[in-house]
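Examination of the molecular architecture
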Amino acid sequence: MDKTFQPADIETRWYKEWEENGYFAPQGGEKAYSIMIPPPNVTGSLHMGHGFQEAIMDALIRYHRMLGDNTLWQVGTDHAGIATQMVVERQLEAQGISRHELGREKFIDKVWEWKEESGGTITRQLRRLGSSLDWSRERFTMDPGLSAAVQEVFIRLHREGLIYRGQRLVNWDPALHTAISDLEVIAEEEQGHLWHFNYPLLGGEGHLTVATTRPETMLGDSAIAVHPEDERYAHLIGRRVQLPLCDRDIPVIADEYVDREFGTGCVKITPAHDFNDYEVGRRHGLPMINIFNDDAAINDSAPQAYRGLDRFEARKRVVADLAALGLLDKVQAHTLKVPRGDRSGVVIEPYLTDQWYVDARKLAQPAIAAVENGDIQFVPKQWENTYFAWMRDIQDWCISRQLWWGHRIPAWYDPEGKIYVGESEAAIRQEHKLGDEVVLRQDEDVLDTWFSSALWTFSTLGWPEETPELAVFHPSSVLVTGFDIIFFWVARMIMMTLHLRQEVPFHTVYVHGLVRDGEGQKMSKSKGNVIDPIDLIDGITLDELVSKRTTGMMQPQLAAKIEKATRRQFPEGIAPYGTDALRFTYYSLASTGRDIKFDIGRIEGYRNFCNKIWNAARYVLMNCEDQDCGLDSTAPVELSLADRWIRGKVQETAAEVAHAVSQYRFDLASQSLYEFVWNEYCDWYLELSKPILWDEEASADAKRGTRQTLIRVLEIWLRLLHPLMPFITEEIWQSAAPLAGKSGATIMLQPYPQRDDGELDENANADIDWLKAVIVGIRNIRGEMNISPGKAIPVVLRKGNDSDRRRLAENSPYLKKLAKLADIAWLPDDTEAPMAATALAGELEILVPIAGLIDKEAEITRLDREIKKLENDLSRLRGKLSNAAFIDKAPADVVASERDKLRAQELSLETLQEQMQRIRSI
RNA sequence: AGGACUAUAGCUCAGUUGGUUAGAGCGCUACCUUGACAUGGUAGAGGUCCCCAGUUCGAGCCUGGGUAGUCCUACCA
């Protein structure tokens, strides 16, 4: 074995081995356990959030697989309608081709080509993370099977009246020329203006002043609204005003929607271009005047002068023209929320079109109930509130998109505009007995990507066929996802699955936090702070990292700043840390209910942990290979104190890990393992094994016992650790397992260690605690007195009780080796103690004689510090115990333990004070 | 406007039903190339648990109020 752990070869080698041997596929077992991967964008690439999410899922999957469950991790990718179409359109644009020139079919061919070309990136990256996905069952949302499921659902819901087509205002993206759902609109505060305009009253006396942030929409105004109880305007209700710039007049209406306090208390009503105005318009039967075309340029419904102008250009013209007419009252600076498309970034326009909708209200009821009654549980629980809040006020879901890439809506229209929904034109003709003379035209639109995602847990298992997989693996066990898609995806999956299958899609939703950069900033391309998890695994040079962060930017002017920040933050680039270290970092940061600030220092620490594991294994193998490790069950074995202790400790660790995983507390699981491996197994047990293995006088039985313990405990904790660090554990396990009497092709399919209480040994724990206390006491004196670690020193023990004597008798070889002692002696109580530095282990005094070793002043300082600390504690304890209320009301065992503590500390203080006097007297 | 979350060592974070002296990693200081490991070892320094009040024998933890920050939802003509 190499002296340092080299992850790269090991990782690729083992992943290939696992995949080729089909270890990722379900293997049977009584209980089923399944997770459906949140399908990443097929042409996307892995980011830190994915890395985190996959790590969590893989740990759960590997854990359950080792528990013997029939475990499926369903893999697949999403066609990501808008995102993918945009990428391909941009590529074509670069070649000077528009998709319209190309035509629908050829364009879709291009997208499929791009999918084939780049679709491997994300799946390669998933493999690099060690994700034990069942690749034999890989699905894609536009596979024939999944597409059939989508069509089936659309037809069914349409027949049930849960999908309908209607004309209403939608969020229109004028750049992408498609409707989008409410969720795809991001409203951000921006600086704008509030323009005040005068609309002259018809009949000549005076005007009404309206305030607006969108002057250009006045071309589509249908009314002026005031509050019905606003006495300022009450007399004008029912009158008409002249709409400036347009050759028409509009009524003054009363509606409670109007806020009297805002602006002038008069609102211009533009029903075709504002969601609130739309409702007002409907209530009052106002005409809906659409003044925009698909690009949000002014159309022919507006006066000649503005036709063809872009909306922002039109705004300037309208303001200028009104000013010229003397109708501009004033302009105020105003902060407003501007709705922008989450993909295109352009301002979204409320726009009147025909679209398809899902009646979400009806579907929401059972979906709310399923969470209320605990059929589905969120972890952490507070997300249930978020879910309820949204579900109880859910709006109908606009599912049609004016795109080409996606599932085409299975609806056809006859020349009269009658709608037919069915699986094909032929089927529809047959069902409705339509002859060839009736021309049918299929709907041009495709479905929102999230429509197919909503079916994911069951469409991937073969639905609408009632397949065996569906029976076994559905509902899935847990959904692991980010809070940002609770509405987009989680809620819709719950609604659709309950409706179509009368069962939940999953029992638990584990909601993890967002992975942010070291400063707590969201990682984004435009901020230039993105870290690719693969770069943490394989490493990257500074120059490559800079170029990765600064090429293909939407805002190239930021490149210089990003380069500077990157060079400052990663002066040496990023070292290759390996997958196991990256994964362990994720786990250690995965406490629930908070975001993750990714600190590069952590991964370095866990890379070091890998190295520690590696070297501990080297030590064990070095001492066990070709040696008698007690495999022969008839050979007598003698277990040392340390052997008995560590055999118990590894069981305690198994229990802690199991508990933590059951609560999805991977931070606690990883911490338990880290502490056990490093602080117990390596720091103490390996050191305690040396006195036995290296002692020529130790018996063969004792050596056999220690070797057996070394290798067996190693083999157990490798399995405990495997779900978190799959590669290093497999690599070492291959060598270690045979020596521990285990056989098997892979650690992956070994049973997960279950706590064995028979191995716990409380006596051994107590003795080891004593041993540690004595050793640490001596080391402390050494460290503080600057006694060279190489120098063997004599130690004298004094006072103490029978168990101290027994422990000394049994453990002096350990003490001599680990504390580097020349000699250790017991001093009878009635003997005068030599001049010495003192440490305490309970009642036991540990004395390191001064002569020639100890600096008197330094020891006085050290004792003084100890005494002060004790005095502080004592005064608090005495105060507590002299409080009658405490004695009366606190539980008896708490009071008793405080009293014990007081006694012990008083004794310690006395001892140290005596010691202080003696030192001072020389 | 409503709601959620967060505030603990220089930094990143744990801290269970309220009960020893509040912990870990990184960083820092001193010493150490000892036969698994310097990606290491030993020892050490470092805390007003955001603030105020309350409940309690006892509060980092519970209650109320406040401050600061992050986020979500809705609305702002």
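In this text, all values refer to a predicted model and were calculated from it rather than measured experimentally.

As a further point, take the overall build of chain A. What chain A contains, in helices and strands, is 29 helices and 28 strands. Taken against the 2.2 N^0.38 rule, which gives 29 Å for 922 residues, the C-alpha radius of gyration of chain A at 37 Å runs more than 25% over that of a compact globule. Its C-alpha atoms give chain A principal-axis dimensions of roughly 120 × 65 × 60 Å. When contacts within chain A are restricted to residue pairs at least 6 apart in sequence, long-range pairs at least 24 apart make up 78% of them. Placing the 106 positive and 141 negative side-chain charges of chain A at their respective mean positions leaves the two points 3 Å apart.

Let us now look at the pairing of strand β2 (residues 70-77). Among the eight residues that make up β2, eight are buried, leaving the element largely enclosed by the rest of the structure. Burial along β2 is two-sided: Asn-70, Leu-72, Gln-74 and Gly-76 and Thr-71, Trp-73, Val-75 and Thr-77, pointing in opposite directions, are all buried. Here five bridges tie strand β1 (residues 32-36) to β2, and the two strands are oriented parallel to one another. Its bridge partner lying in β2, Ser-34 is registered against Leu-72. This β-α-β element, β1 to helix α2 (residues 48-66) to β2, shows right-handed connectivity. Sheet analysis places β2 next to strand β3 (residues 134-140), joined by three bridges and oriented parallel. Following the sheet pairing, Thr-77 is matched in β3 by Phe-140.

Once that is clear, we can look at the protein's contact with RNA strand B. Surrounding RNA strand B, one finds 58 residues, the nearest of these being Thr-212, Val-267, Asn-276, Lys-337 and Ser-591. When atoms of RNA strand B within 4 Å of the protein are split into backbone and base, the sugar-phosphate part holds 65%. One of the backbone N or O atoms of Ala-616 is found 3.3 Å from a base nitrogen in RNA strand B. Residue Ala-885 places a main-chain N or O atom 3.4 Å away from a sugar or linking oxygen belonging to RNA strand B. Looking at the surface near RNA strand B, the elements with two or more residues in it are β7 (207-212), β12 (328-341), α20 (600-624), α22 (666-693), α25 (762-785), α27 (856-881), α28 (884-889) and α29 (892-921). The dominant element in the surface near RNA strand B, judged by the number of residues it contributes, is α20, at ten residues.

Pairing is mixed across the open sheet formed by four strands, whose spatial order is β9-β10-β8-β11. Every interior strand has two partners, whereas the edge strands, β9 (240-243) and β11 (266-269), have only one. When the angles between neighbouring strand axes are averaged without regard to direction, this sheet yields 30°.

Between the first and last C-alpha of α25 there are 34 Å, a value that for 24 residues agrees with the 34 Å anticipated at 1.5 Å per step. The N-cap of α25, judged by a side-chain oxygen 3.2 Å from the amide nitrogen of Asn-763 a few residues on, is Asp-761. Backbone geometry just after α25 places Asn-786 at a positive phi near 55°.

In this section: the sheet that holds strand β18 (residues 419-421). Across the sheet, which stays open at both edges, the three strands sit in the order β18-β17-β19 with antiparallel pairing between neighbours. Of all strands in the sheet, those with a lone pairing partner are β18 and β19 (441-442), marking the two edges. Pairing geometry for strand β17 (residues 411-413) and β19, over two bridges, is antiparallel. Bridged to Trp-412 within β19 is Gln-442.

Our next topic: the packing of α22 against α25. Their axes nearest at 13 Å, the elements α22 and α25 cross at an angle of 90°. By the angle between their directions, the pair α22 and α25 is classed as roughly perpendicular. Contacts between α22 and α25 pair Glu-680, Trp-684 and Leu-688 from the former with Ile-768, Leu-771, Lys-772, Ile-775, Val-776 and Arg-779 from the latter. Among the residues forming the contact of α22 with α25, the class breakdown is six nonpolar, no polar and three charged.

Mapped onto the elements of the fold, Leu-621 is located in helix α20. Not counting chain neighbours up to four residues away, the residues in contact with Leu-621 comprise Met-1, Ile-711, Ser-735, Ala-736 and Leu-739.

Let us look at the nonpolar core. As a rule of thumb, soluble globular proteins bury nonpolar side chains together. Formed by 201 residues in total, the largest nonpolar core has its most connected members in Phe-451, Tyr-681 and Trp-717. Take this core: its biggest share by element is 13 residues, from α22. Beyond its immediate stretch of four places on either side in the chain, Tyr-681 contacts Val-620, Ile-646, Phe-676, Leu-686, Leu-710, Val-713, Leu-714 and Trp-717. Counting residues in each nonpolar core, the second largest holds 36 residues, with Tyr-199, Val-241, Leu-309 and Leu-322 among its members.

With that out of the way, let us pick up unusual backbone geometry. Of note, the bond from Val-379 into Pro-380 is cis; its omega dihedral lies within 30 degrees of zero at -5°. Summarising the element assignment, Pro-380 is placed in the loop between β14 (377-379) and α10 (383-391). Going from Trp-463 to Pro-464, the amide bond is cis rather than trans, its omega being 10°. With a phi close to 55°, Lys-433 is a non-glycine residue in the positive phi region. Mapping Lys-433 onto the fold places it in the loop between α11 (425-432) and β19. Owing to a relative accessible area of 74%, Lys-433 belongs among the exposed residues under this scheme.

Glancing now at the pattern of salt bridges. Scanning the entire structure with this criterion turns up 59 salt bridges. A salt bridge links Glu-810 to Arg-806, with the nearest nitrogen and oxygen atoms 3.0 Å apart. In this pair, Glu-810 and Arg-806 are both assigned in helix α26 (residues 802-818), four residues apart and thus about one turn of the helix distant. Two residues, Asp-873 and Arg-876, come together in a salt bridge whose shortest N-O distance is 3.0 Å. Separated by three residues within a single helix, Asp-873 and Arg-876 lie in helix α27, roughly one turn from each other.

A cluster of acidic side chains, namely Glu-105, Asp-109, Glu-113 and Glu-117, defines a negative patch on the protein surface. Relative accessible area serves as the criterion here: at 64%, Glu-117 is assigned to the exposed category.

Turning next to the confidence of the model for chain A. Of all residues in chain A, 100% attain a pLDDT of 70 or more, and the chain-wide mean is 90. Between the elements of chain A, mean pLDDT differs from a low of 81, seen in α27, to a high of 97, seen in β1. Interface confidence in the predicted complex, given as ipTM, is 0.94; pTM for the same model is 0.92.

A complete count under the given rule lists 32 aromatic pairs for this structure. When the ring of Tyr-681 is compared with that of Tyr-685, the centres are 5.8 Å apart and the planes differ by 35°; the resulting orientation is tilted. Of the two residues, Tyr-681 and Tyr-685 are both situated in helix α22; the distance of four residues between them amounts to about one turn of the helix. For Tyr-681, a relative accessible area of 0% corresponds to the buried category. Within the aromatic cluster, the residues linked to one another by ring pairs are Phe-584, Tyr-606, Phe-609, Tyr-674 and Trp-678. A cation over a ring is seen here: Arg-168 above Tyr-357, with NZ or CZ 4.5 Å from the ring centre.

The next subject is the packing of helix α21 (residues 641-662) against α22. Where α21 contacts α22, the axes come no closer than 8 Å and their chain directions differ by 170°. Considered as vectors, α21 and α22 are oriented roughly antiparallel to each other. Residue-level contacts link Ala-642, Asp-643, Trp-645, Ile-646, Lys-649, Val-650, Thr-653, Glu-656, Val-657, Ala-660 and Val-661 of α21 to Phe-666, Leu-668, Ala-669, Ser-672, Leu-673, Phe-676, Glu-680, Tyr-681, Trp-684, Tyr-685 and Leu-688 of α22. Taken together, the residues that form the contact of α21 with α22 break down as 16 nonpolar, two polar and four charged.

A few words now on the state of the cysteines. For the structure on display, the rule yields zero disulfides. Note on Cys-629: no disulfide assigned, nearest cysteine sulfur contributed by Cys-624 at a separation of 3.9 Å.

On to the environment of Ile-485, then. In this structure, Ile-485 sits in the loop between β21 (476-482) and α15 (486-501). A residue is classified by how much of its surface remains accessible, and Ile-485, at 18% relative accessible area, is buried. Expressed as a C-alpha distance, the spacing of Ile-485 and Leu-183, which sit 302 residues apart in the sequence, is 9.5 Å. Dropping the residues within four chain positions of it, Ile-485 is found in contact with Trp-450 and Val-490.

Thresholds applied
- Residues numbered from 1 in each chain as written.
- Chains lettered and ligands numbered in written order.
- Predicted model: local features only at pLDDT ≥ 70, side-chain atom pairs only at ≥ 80, totals over all residues.
- Heavy atoms only, no water.
- Helix = DSSP H or I, 4+ residues; strand = E, 2+ residues; numbered from the N terminus.
- Rg over C-alpha atoms; globule rule 2.2 N^0.38 Å.
- Contact = heavy atoms within 4.5 Å.
- Lys, Arg positive; Asp, Glu negative; His and termini not counted.
- Charge placed at Lys NZ, Arg CZ, Asp CG, Glu CD.
- Buried < 20%, exposed > 50% of the residue type's maximum accessible area, 1.4 Å probe, protein only.
- Pairing = 2+ DSSP bridges.
- Right-handed = clockwise from strand over helix to strand, strands pointing away.
- Near = heavy atom within 4 Å.
- Polar contact = N/O pair within 3.5 Å; in protein donor to acceptor, adjacent residues only side chain to side chain.
- Axes fitted to C-alpha atoms, helices over the stretch in contact; angles between N-to-C directions.
- Expected span 1.5 Å × (residues − 1).
- Parallel < 35°, antiparallel > 145°, perpendicular 65-115°, else oblique.
- Nonpolar A, V, L, I, M, F, W, Y, C, P; charged D, E, K, R; others polar.
- Core = buried A, V, L, I, M, F, W, Y, C linked by side-chain atoms within 4.5 Å.
- Salt bridge = Lys/Arg side-chain N within 4 Å of Asp/Glu carboxyl O.
- Patch = residues over 30% accessible without salt bridge, like charges linked within 9 Å, V, L, I, M, F, W, Y side chains within 5 Å.
- Areas by Shrake-Rupley, 256 points an atom, 1.4 Å probe, with all protein chains shown as cover.
- pLDDT = per-residue confidence, 0-100.
- Phe/Tyr/Trp six-rings, centres within 6.5 Å; stacked < 30°, edge-to-face > 60°.
- Lys NZ or Arg CZ within 6 Å of the ring centre and 35° of its normal.
- Disulfide = S-S within 2.5 Å.

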